[in-house]
Every structure is written in structure tokens, then in C-alpha cells.
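# Structural overview
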Amino acid sequence: MLGRNPAELERLRGELDAELGDRRATMADLSDLPYIDRVLKETLRLYPPAYVIFREPTEDVRVGPYRVREGTNLTLPVFEIHRDERFYDDPDEFRPERWRDDFESELPEYAYFPFGGGPRHCIGMRFATTELKLVLATMARELAFEPTYDGDPDLTMAATLRPEDPLEMRVERR
Ligand code: HEM
């Protein structure tokens, strides 16, 4: 996403340069890098690896106005909800800056759930987001990526969401 959105990449590099100077990011830096948090949130909104989550009630339940019978197969379309314009302006656009604190606190609870929710929420969420931010900070500071394809990639619904074809890019040291 950053390769295709140079203004957002420059903003991220500005934050990294100001906070880190010429050293690599460590875990201790992450709380001082709010923009990288927004880049990651926005990318997981547009491309949630767990693009659909399933549930099967073990007894009859009410969900809002609906009566759901035991054993019904429920499909929670994470990808679709993340691009629903009731919650997100220009939902298909990559806009990390939408993730202001006030925006996030006003969002309905399950309008954004790349790591699921409730008692079976992803146990690896903190590990995954820490790792993603450190990798992204390191790569954005040290490398330049230029995609060799145009437009949005075609997606395949495998066990997780993934691009149909490899996302080829030219990579150079900065
Ligand atoms: C970006 C990376 C990841 C994403 C998007 C992700 C997403 C999810 C989602 C959506 C669920 C809930 C599934 C459901 O409700 O049916 C889940 C559960 C789970 N995740 Fe992750 N996950 C990620 C990384 C990880 C990592 C790194 C680990 C382990 C180190 C991990 C371990 C688990 C486990 C064990 C569960 C099952 C929890 C339970 O059922 O109580 N995940 N994950």
C-alpha cells in the first residue's frame, strides 16, 4: 500500500526520521510512532487476512432483532464490513489518517475486527502487531519499493486472504 501511496510513505518516513534518526526501531519506540499504527490499522482494514469468520451457536440465541437457531452456520464477512460506507468514508481508499483517536472510539465495536472479538479473540494480536510494526519501520527506513503493477491486486480467498498473483516490486536501498 505504501509503494502505491507515496504521500503516506513520506509521512511515515518523516515520523521515523524524527523519532529514530539513523537507528533501527525497537519495541521501546513503538508507542512514539502513532502514524505507523494508523498505516497498519488501515492496511488490515482493507486487506484483513481473516476475511471471514464463522460461528455456530450451541443453543438458540437472539442477536439484535434476529432469532438464531442452534446449529445455524453464521458467516461474519469481515472484508465487507471493513469496506462498508456506513462506517468508512470512501471505504476503498487507503487513508491511514482516518484512524484518529476520536474516529476509533466512535466506531461501533464490530465495524473493525481484523483479529476477531470476544472470548476467542486472536491470542497472537499483540505479537503480530508488534512484529508488523517493527518490520515495516525497518523496511520503510532502509528500502524503497516500487510496484511493477497498476491498480488494486486481484484477491484469492484461500484459508487467508491473499493476492492472486505475486506482488512484484523493484526494491532498492535508500
Ligand atoms: C496479522 C496477523 C493475524 C491475524 C489477522 C489474526 C487473526 C485472527 C482472528 C480473526 C482470529 C479469530 C478467529 C475466530 O474468531 O474464529 C484469530 C484467532 C487466533 N489467533 Fe490470530 N491472527 C494473526 C496472528 C496470530 C499470531 C502471530 C498468532 C500466534 C502467535 C495467532 C494465534 C491465534 C490463536 C491461537 C487463535 C485462536 C484463539 C482462540 O480460539 O481462543 N494469531 N486470529
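Residues numbered from 1 in each chain as written. Predicted model: local features only at pLDDT ≥ 70, side-chain atom pairs only at ≥ 80, totals over all residues. Heavy atoms only, no water.

Okay, a nonpolar patch on the surface next. A contiguous nonpolar patch, built from V61, V63 and Y66 and spanning about 290 Å² of accessible area, is present on the exposed surface. Assignment of secondary structure puts V63 in strand 2 (residues 61–63). (Patch = residues over 30% accessible without salt bridge, like charges linked within 9 Å, V, L, I, M, F, W, Y side chains within 5 Å. Areas by Shrake-Rupley, 256 points an atom, 1.4 Å probe, with all protein chains shown as cover. Salt bridge = Lys/Arg side-chain N within 4 Å of Asp/Glu carboxyl O. Helix = DSSP H or I, 4+ residues; strand = E, 2+ residues; numbered from the N terminus.)

What follows concerns the site of the ligand. In the neighbourhood of the ligand, 14 residues make up the surrounding shell, with R55, F115, R120, C122 and I123 lying closest. Breaking the shell around the ligand down by element, the ones donating at least two residues are strand 1 (53–55) and helix 5 (125–142). Of the residues assigned to the shell around the ligand, the class counts are nine nonpolar, three polar and two charged. (Near = heavy atom within 4 Å. Nonpolar A, V, L, I, M, F, W, Y, C, P; charged D, E, K, R; others polar.)

Turning next to the nonpolar core. With 19 residues, the main nonpolar core has L2, L12 and L16 as its most contacted residues. Elements with a contribution of two residues or more to this core: helix 1 (6–20), helix 2 (34–46) and helix 5. Core analysis: the second largest hydrophobic core is formed by nine residues, L44, Y88, W99 and Y112 among them. (Core = buried A, V, L, I, M, F, W, Y, C linked by side-chain atoms within 4.5 Å. Buried < 20%, exposed > 50% of the residue type's maximum accessible area, 1.4 Å probe, protein only.)

Turning to helix 1, a few remarks are in order. End to end, helix 1 covers 20 Å across 15 residues, agreeing with the expected 21 Å (1.5 Å per residue, within 8%). Of the positions making up helix 1, those classed as buried are E8, L9, L12, R13, E15, L16 and L20. Projected onto a plane normal to the axis of helix 1, the buried residues spread over an arc of 160° and lie on a single side. Away from its buried face, by an angle of more than 90 degrees, helix 1 presents the exposed residues P6, A7 and A18. Where the residues of helix 1 are buried, they touch helix 2, helix 5 and strand 5 (143–147). Backbone geometry just after helix 1 places G21 at a positive phi near 60°. (Expected span 1.5 Å × (residues − 1). Arc of directions from axis to C-beta. Contact = heavy atoms within 4.5 Å.)

Shape descriptors only; they carry no functional weight alone.
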